[in-house]
Structure formats: structure tokens, C-alpha cells
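What follows is each chain in one-letter form.
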Amino acid sequence: MNELPLLPGNRFSDVTRTNFIVPRTLSFKNGHRIVRLPRLGIGQTHKPNVELTEDEREILNNFQPELIYGKVKVQGYRKFVPASVHYDKKVLRFYGYFKQTIYGSPLESHRIRRVTVYYYLEDDTIAIYEIPYKNSALVQGMRVRRHRISKNDQNEPYNWRDLNLGQNLAIYGTVYRLCACDQFTREWLESEGIELQCPELIPSDPYTLKLMEKNESEKQHTHHSDLKEILPDRLAKQPIISNRKILSMDGKVLRFYAIIDDHDQKRDILRKFVIHLYLVDNTIEIREVHRDNDGYDPIGVYLHRQIVPKDSTYNIKSFVNLFVNKHEQEKICYFTLEDFAIGRHVTIFNRIFFLYDCDIFTKSFYHQHFGQIDFTPIDIDTQKKQKPPVQLPPVPPHIMFGKPEDTIQNVKSLLPKPAKKDRIKLLENENRVLRYEAVMDGDCQRKFLIVYRLADDLISVYEKPLDGYGCLTRKFLERIRIPKPDSHPDAPMYYGPNDFYIGAHVELFKHPFIITDADRCVLKFIEENRLQFSQHVIDSLRQKLCPDNENHNQMEAPQL
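In this convention, every chain numbers its residues from 1, walking through the sequence in written order. Two thresholds apply to this predicted model, a pLDDT of at least 70 for residue-level local features and 80 or more for giving and counting side-chain atom pairs, whereas whole-chain, interface and lining totals are computed over all residues. Side-chain metrics in this entry use all non-hydrogen atoms of the structure; hydrogen atoms and water are not considered.

Student: Any chance you could explain the sheet that holds strand S12 (residues 301-306) here in plain terms?
Tutor: Remark on secondary structure: sheet strands pair via backbone hydrogen bonds, oriented parallel or antiparallel. Paired strands, in this sense, are two strands between which DSSP finds at least two bridges. Strands here are runs of E lasting at least two residues and helices are runs of H or I lasting at least four, both read from the DSSP assignment and numbered beginning at the N terminus. Spatial strand order, S12-S11-S10-S9-S14-S13: 6 strands in an open sheet with antiparallel pairing. Edge positions in the sheet fall to S12 and strand S13 (345-348), since each of these pairs with one other strand and no more. Taken over all neighbouring pairs, the strand axes of this sheet differ in orientation by 35 degrees on average, direction set aside. Relative to strand S11 (residues 283-289), strand S10 (residues 272-278) runs antiparallel, the two sharing 7 bridges. Bridge pairing in S11 places Leu277 opposite Ile284. The contact criterion used is simple: two residues touch if any of their non-hydrogen atoms lie within 4.5 Å. For helices, the axis comes from a line fit to the C-alpha atoms of the stretch in contact; other axes are also lines fit to C-alpha atoms, and the angle between any two N-to-C directions lies between 0 and 180 degrees. Seen against the sheet, helix H10 (residues 360-369) touches strand S9 (253-260) and strand S14 (351-358) and runs at an angle of roughly 110 degrees to S9.

The following block contains the structure:
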């Protein structure tokens, strides 16, 4: 059928065919449009492979026929690429401005506002973005969002052929002037045969120029006499810092590590500080080094940067007198570099700071300018006062309500929590019990069963039925931890497995019992944990449970 010519009557169509889906040839990957060759034909039918194999390509590349007109030039296969894919992510960028007329202002008549015009080649859309300026109080940023813009009444959109330097664009009542463009825009337009005009300079905003000229004139006409009229007398009295000192000392800071020396006050924690001394103007700043749960507010700056007076010869009694009386101002002495050294006490606003260390730059600066050599840091841990031991409140006596452990938890916290249990002991001894048979002292006819739980040391007692009465086993004592009768109620000592053996007298809440027999599991548990039991306990159980075994009776106690 495939060998027949494609003539009318020689082609056959499938009348039962219902799928006519056309395969896609475009796709997106990472935000870019790419071309995808269809592997199936229309209707998901099989499509023969039209690509050549490597052997066929090699034959065609090496084939050189000799013809009259010379070597045949074989043109390679050119793939079809849509315009939306070819021009994807390609944008023309122009720089320009527009004038905004200002009405009713004596300072300015118009304002120059700079913009950037973006032209997207893939769909002929335009976006205009205004360059924002700080503190301009103007609505700046995106002025015209990306879309097609009409250039005339016939709704014809702007094309890249309509854009050139030195040209005006009328968009929604605003005239934009194109003055420059980037390198890609210039090369692309020249490749398309468009001759670009000469770029223009964007004019400056007249109001901004006036502000700049005003600021420069104020800086030039500022003198030391004007500074005295503006600033207070105590600041105008300070010498003006030279430009040479500003350039050489700007950014250089001496750093000392200090603590507050307050031996008179009872403090448990030493408060550490960092004192910064700025070389450019001899100002001082103090920062506190906080630690977790130190009890102080987490404020980093303890003293803001300022000049600090000494308290040696002049005591600040009245700030009003300080500003009014000029003779008092001459008595003030401020801190300088010579006043700081390791091991000194510095009084800053009635706070005594002890300097115990400094950084590497401070050491090199003092060695270079003052000739100091010894910069050994002082160990402040030796000066730290010993913290008195914490005295816990006395534990009140147990009032027989609840357990003694509950009373201790109420003393430790306002919101008491249950006492912690030994989780490992609970897991290792889960469902393990020791059973003992006992009789009540003075009444040998009544027999009891004492059950000891190894997981939580709880004891329960059951009474065995008497022969001939026909009653079942009844509970004599609920499961509970039982203290020994000779222990203190505030610190009770509870019964343990080592207290139960053959012939032992046990008093359970003023009920005396005598142990007469035990379960065989008790002997097995004792053999597994021999170090936890006394020798007489082991011997009594072995004599009762294994009377015929002489080796066990003569067994020696293990060495601890």
C-alpha cells in the first residue's frame, strides 16, 4: 500500500478512526520555551523516524560528486523555531525622562523624572519603570505595566521600528523622551538595519540643583564663631577637631574590658562591661556584656557615646549652675587617653569601673605612643566573691495525708509534679513478683499470702481460706509501699526483698507476721541477684526450699 502513488483513488482512510489529536511541538522548561519534535503523528498514530542514522550522515558528509559546475553545496536541515521562542527573554531597554509641570510653586516650574522603557520582542509589549529616589514623597516605581500600547487612533500598537533615540513617545497623555539605550539594544537594532540617532543627556532636575547649591554654600560659610552661637558653651569651648585628625583617627577605637567594683554591695554575679574610647574626639561609650539569667535588663548600651568629665576635682552638683556660670565650666576636666590603663579604677558618673584587660589594637597603640610594655590581664575570677550556699526551706513534717514524696514536691515547687519513677526498674522487673506465706503472730491458724512487686516495691497481703469454711481468698491489705515501724515518718524506710526470709518477723501497719514459706521463684531471683541479699536470707530460703542439697547449704558468701 505504501508503494502506491499518492493519486486519487490510491489512498485509503480508516473510517473507524475517532482520534484526531495534533501533537504539541512547543514546551516549557525552566521558564523558557523550547522546541520538541513530535514522536507520534495526528491521532497518536505511529510516525516513522525521519532522522538519519550516524552511518547515513557520515556517507552524506563524505560524499563529493564531481560535476561540471563544481562541488555541490549541501545545506543542512534548518529547524523551525517560532518567533515567541526565538525572541523569548530578549528585551530592548531605553533610558529617558518626562517633565512634570508644577503649578503654584515659587520654587520650581517643572520637575524632571527619569524612567526606563522596556520593549519585549516576543509579543511587542511595553513597560515603563520610574527610577525611585529616597525621601522624594512621590509615587514612583512601575508607571505603565507590561501590555501592548496603541500609537494612534487606529489602535495600531507600537513596534520596535518606532523606537529610536531622540524620539518622543506619547503614552496615556504623558510624553516620554528617549535619550539612551543599552549595548544589546544598540547592536540588535543595527543588525535589523535601523540607524540609531546620537544619544542625549538627561537634564538635571532644577529643584535638586538648587538644594545642592544651597548645601554647598552653607558648608563653605560655616565658621567657628557661628558654632558658638548654635551649640552650648560647654561644647563650643572644646577645640575644633582638625581634618588631619579626622582622616588619621577615624574608625580607630580603643577597647578596654572592665567590671563594676562594688565591694560594698552584696552581689553574686560580676557585671562585665566593654569601654570604647574613640580616638577621633575622645568620646566614651560603655556596653554591658549580658549572660543568660543574669537578672539585668537586656540593654546593650550602658552609656551612649559622649565626652565624660572626671569626678576628681569637680563634682557636678547643679547642671543649671554649670551652663550659667562660665567659671565653673573651666574647672571641668574630661577623660583622655592617659587616664586608661590595665589595673586602674575609673570613675564614670559615680560608677567605679575596674579595667582588667584590653584588645590587641589597644595594646599596640599604647606601646607605640606611650611606650608601655606590660599588658598582663588581671584574673577577675579570684576577685569574685564566693556565692553563699542556697538554703532550701525546711521540709515540713508529714501530716499523714498522701505520701511523704508528695510533701517534698510541694516544698520544691509551687506547682508540684508527681515524683519521678525508675523507668529502667519498671521495664526490667515488669510482671515479676515474690510470694511469701506467713502467719499472724499469736494466731497460727490464719494463713496469709504476702506478694511483693519488684517493679515498684508495692506489697499486698491476701488471707487464705480456712479448711472446711468454703470461703475464697480475700484481700487483707491493698497494694501499697509499707514503711518499717522503727523509721521516721518524714524520712521513712520501706520494706525490701532483703527483709523477707524464713522466720522473719514483719510488722505491716501494726499487724505482726511471721514468714513461714516462700515461692520457688523467690529462690531463683535470689540466685540471680546474690549481691543484693544477705547471707542469712539466702541460707534460710535454701534450707526451706532445698533441704537435700548440701552444696547450697555450705555455699560461701560472694566477695564484694
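Next comes the rest of the description.
Student: What is the right way to look at the packing of aromatic side chains in this model?
Tutor: Centre-to-centre distance and the angle between the planes together describe a pair of aromatic rings. Stacked, tilted and edge-to-face are the three classes applied to pairs of Phe, Tyr and Trp rings, where Trp contributes its six-membered ring and a pair requires centres within 6.5 Å; stacked means planes under 30 degrees apart, edge-to-face means over 60, and tilted covers the rest. For the structure on display, the rule yields 19 aromatic pairs. Note on Trp160 and Trp188: the rings are 5.0 Å apart at their centroids and 80 degrees apart in plane angle, and the pair reads as edge-to-face. One end of the pair, Trp160, is in the loop between strand S6 (141-147) and strand S7 (168-171); the other, Trp188, is in helix H3 (residues 183-191), and 28 residues separate them in sequence. Placement of a positive charge over a ring is assigned whenever Lys NZ or Arg CZ falls within 6 Å of the ring centre and within 35 degrees of the normal to the ring plane. A cation over an aromatic ring shows up here: Arg305 above the ring of Tyr278, its NZ or CZ 3.8 Å from the ring centre.

Student: I tried to follow the sheet that holds S7 on my own but got confused; where do I start?
Tutor: Pairing in this open sheet of 6 strands is antiparallel, and the strands run S6-S5-S4-S3-S8-S7 from one edge to the other. Each of the sheet's edge strands pairs with one partner strand only, and the pair in question is S6 and S7. The average undirected angle you get between the axes of adjacent strands in this sheet is 30 degrees. When S7 meets strand S8 (residues 174-181), the two strands line up antiparallel, connected through 4 bridges. Paired with Ile171 across the strands is Thr174, a residue of S8. Of the strands in this sheet, strand S3 (91-101) and S8 are in contact with H3, which crosses S3 at around 110 degrees.

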